[in-house]
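Below are the chains, spelled out letter by letter.
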Amino acid sequence: MIMSLNVVSFLVENKPGVLFNISNTIRRKNFNIHSITAIAGEHEDTTRITITSKADAHEIDKLVEQMSKMVDIIRVKRLDPLRTIQRDMALVKLHTADPMAQEEALAIINKYKGLILDIKPDTVIAQITGSVNEVTDFHKEVTYIGIIESARTGITAIEKGWVTLMEK
Amino acid sequence: MTKTTGSKAYLKTLEREGVTHIFGITGAALIPICDDLLESKIRYVPGVHEQGSAHMADGYARVAGKPGVVQVTSGPGATNIVTGVATAQLDSSPLVAFTGQVPMSMVGTDAFQEVDIIGVTASITKWNYQVRDPAMIPWAVKAGMHISNTGRKGAVLIDLPKNVTTEEAEFDYDVKVELEGYKPVIEPLAREVDTAVQVLLGAKKPVIIAGGGVVASGAGKELTELAELLMAPTATSLMGKGAISSSHPLSLGICGMHGRHEANFMVPDSDVLLVVGSRFSDRTTGSLGGFAPNAKIVHIDIDRSEVDKNVDSITRVIGDARHVLDALIKRIKVERLKPNGWHKRITEFKQYCEPFDYGTDISTPNIMRAIREALPSNGIVTTDVGQHQMFAALHYDVLEPGTFLTSGGLGTMGWGLPAAIGAKAAKPECKVLSVCGDGGFHMTENNLTVAVDEDFPIVVVVLNNRLLGMVAQWQRLFMDGRMAAVAREYSVDYTELSKTYGAHAVRTESMDVFRSELRRAVDADYTTVIEVPIDPNENVYPMIPPGMGLKDILTDE
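Residues numbered from 1 in each chain as written. Chains lettered and ligands numbered in written order. Predicted model: local features only at pLDDT ≥ 70, side-chain atom pairs only at ≥ 80, totals over all residues.

Chemist: So, the interface of chain B and chain A: which residues are in play, and what are the values?
Modeler: With 13 residues of chain B at the contact, the number on the chain A side is 15 residues. Partitioning the side of chain B that touches chain A into residue classes produces 6 nonpolar, 3 polar and 4 charged. (Contact = placed C-beta atoms within 7 Å. Nonpolar A, V, L, I, M, F, W, Y, C, P; charged D, E, K, R; others polar.)

Given below as structure tokens:
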């Protein structure tokens, strides 16, 4: 199943409590967050936050209007799905005590153009990057080998061409 | 530049921002500030419970047209103003709350009287902020005052850890407040005005609904002028009551759950509905299916997020109501409207709606009329919440915008009396009267102490039906008359209680005595409480049952 997610990007003041205010508003308006990523932006006084949700575009647009009112949010925008690049990354630790399992694991990692970050006699850590569906598919394919642990970043996204978050 | 303590910087900034009164209660975290207040020009009004102080600041703000300031200590002082902050925020009133806080070194340790008031009030403030550096105090205070009183006004809370008030820093009042994420739109876009003008000029049956935004932006005159230009009958929401004078021939009164027949019939019949500064509250619209089903809705609001939130509009104009109405008037004056049969229909319909039979006995509608007769046109009325509030909305004629104050959004019982004190502080030259039920009066009646001892003479009319009347009405209408949790056969005597607080107090069941007592009270320079026992079985009509459309009106017949 291909998941359709709406992506909302924020540029906010890098101040205490801003992330709390955003997630609190999302909770209050009864939305579920699928993923959230946040990191200080190009300038240290701002933070770029990317949130994805399964809610439909119309509902998300109303939420975006509510969010634009918040004083500490400099810019918030639902990204145009037709021109947005989304990427998700996972660090996946596989159980590969069986030599056959290790061989198959490496093959699947290669197929997904993943990186092998660590090999121990009985474990392998892979870095998988791609669309949210690709990363999900990788997890499905290695399930039979045995996933010990997986850490995903959640989606980050950017629009193609000259369009930027700051542009109206 | 001189170094000064955070506390002194805070008070100096407030003074330069034009603050005249601080309402509040002190506490351990506020000792340095209250000490400095002894040397300040700002008048400190000590309260009896923080909730009352917050309502006073709210009432002050609604009348003064500038922020009202409440200042309370950390922990319980801060949590006690939560209702007051939410009330102001829901009614877009510029309240600025300052809360004391434990020193930064103890924040997060569950110290004595520590509460995370920033977290608590995150969803009921327009903006909140904890000052962590004394040098930031002028910026934070100026930003708070600016944010609360611009754009769509609202509540702001600023948390002041104790060490920040005692430590010294350079004091720079002229620090620039630049908020990249906060740029309220005041002037409308020309193309939005153009589209709205086209829709309005094409109207055959135009109706206007004016909301609290018209009152907040002082656009009563412009609204009335536009209504006359368009020949558009004008209803208001509860918060917009007074936006157009009740005596104006185009005024329909309030629409919605307890709206007048005229309003609730004309709104669904309109072909173009111009909604100004109103957020389509469920109490104003009734069920959305029955709300102006055939109308093209033109929405004017300062808050873009209100557009299409509850009701979809065909076009919108974003901006301050006064500026937008002004722009519309200029354009429509040039393009002029063709006369049609709509105006005749309004007059006919108003005649068809039989005038209310007031009779001569004492009743809530008659009391509302007597209050109107006793008060000058600029007299200010605050209501509490419940049946008397709806009676006031229906039967008290507001002649000047901004002279009818009510807790519309949150519906906070106990709001009216302290808000009246705040209103009196803002405009001592105006007569201020609070009308309330026994339920709401009993919640905050201790604020009479402040009215008496701090010399804010007000008149309080307590309509005592010994019931929580609005809930009792719902139980009579929708719960087979099963009366649960509404009886208030208390042994307390509100008249004697009011005397204990030092107010002049009288109880009467005679309309004539009420009128003469009211006249005396309005002229007096001391606080008066008039208690009127009323019929506990009285229902307020007309009423639209919850979930029904505007035309599904219940009456007492």
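Chemist: Account for the pairing of strand β5 (residues 95-101) of chain B, naming residues and giving values.
Modeler: Residue and element names in this part refer to chain B. Taken across its 7 residues, β5 has 7 buried, putting it largely inside the fold. Where burial is concerned, the two faces of β5 agree: the one with L95, A97, T99 and Q101 and the one with V96, F98 and G100 are both buried. Both β5 and strand β7 (residues 156-161) contribute to a ladder of 6 bridges, which runs parallel. The partner of G100 across the bridge, within β7, is L160. (Buried ≥ 20, exposed ≤ 12 C-beta atoms within 10 Å, placed from the backbone. Helix = DSSP H or I, 4+ residues; strand = E, 2+ residues; numbered from the N terminus. Pairing = 2+ DSSP bridges.)

Chemist: Account for the domain arrangement of chain B, with residues named and values stated.
Modeler: Residues and elements named next belong to chain B. By the assigned domains, chain B splits into domain 1 (3-170), domain 2 (190-352) and domain 3 (364-533). Between domain 2 and domain 3, the C-alpha centre-to-centre distance is 31 Å. Listed by partner, the interface residues are 14 residues for domain 2 and 13 residues for domain 3. Residue composition of the side of domain 2 that touches domain 3, grouped by class: 5 nonpolar, 7 polar and 2 charged. (Domains from an automatic or database assignment.)

Chemist: Break down the environment of B:P138 for me, citing the residues and quoting the values.
Modeler: Residue and element names in this part refer to chain B. Position of P138 relative to the elements: it lies in helix α7 (residues 137-149). The spatial distance from the C-alpha of P138 to the C-alpha of V317 is 35 Å, given a sequence separation of 179 residues. Each residue touching P138, except ones within four places of it in the same chain, is listed here: A9, T13, F171, D172, Y173 and V175.

Chemist: Could you give an account of the domain arrangement of chain A, naming the residues involved and the relevant values?
Modeler: Residue and element names in this part refer to chain A. Each domain of chain A was delimited in the assignment, giving domain 1 (6-79) and domain 2 (85-156). Domain 1 and domain 2 are separated by 30 Å when their C-alpha centres are compared. Taken together, the 6 residues of domain 1 in the interface contact 5 residues of domain 2. Listing elements by their share of the side of domain 1 that touches domain 2, those giving two or more residues are β2 (35-40) and β3 (46-53). The element that contributes the greatest number of residues to the side of domain 1 that touches domain 2 is β2, accounting for 3 residues. Of the residues in the side of domain 1 that touches domain 2, the class split is 2 nonpolar, 4 polar and no charged.

Chemist: Please set out the nonpolar core residue by residue, giving values where relevant.
Modeler: By size, the foremost hydrophobic cluster in this structure holds 177 residues, and its most contacted members are B:I371 and B:V461. Sort the elements by how many residues they give to this core and helix α18 (residues 416-426) of chain B lands first, with 7 residues. Beyond its immediate sequence surroundings of up to four residues, B:I371 is in contact with B:V381, B:Y396, B:L433, B:V435, B:V461 and B:L518. Counting 11 residues, the second largest nonpolar core, distinct from the first, contains A:V92, A:L94, A:I109 and A:I128. (Core = buried A, V, L, I, M, F, W, Y, C linked by C-beta atoms within 7 Å.)

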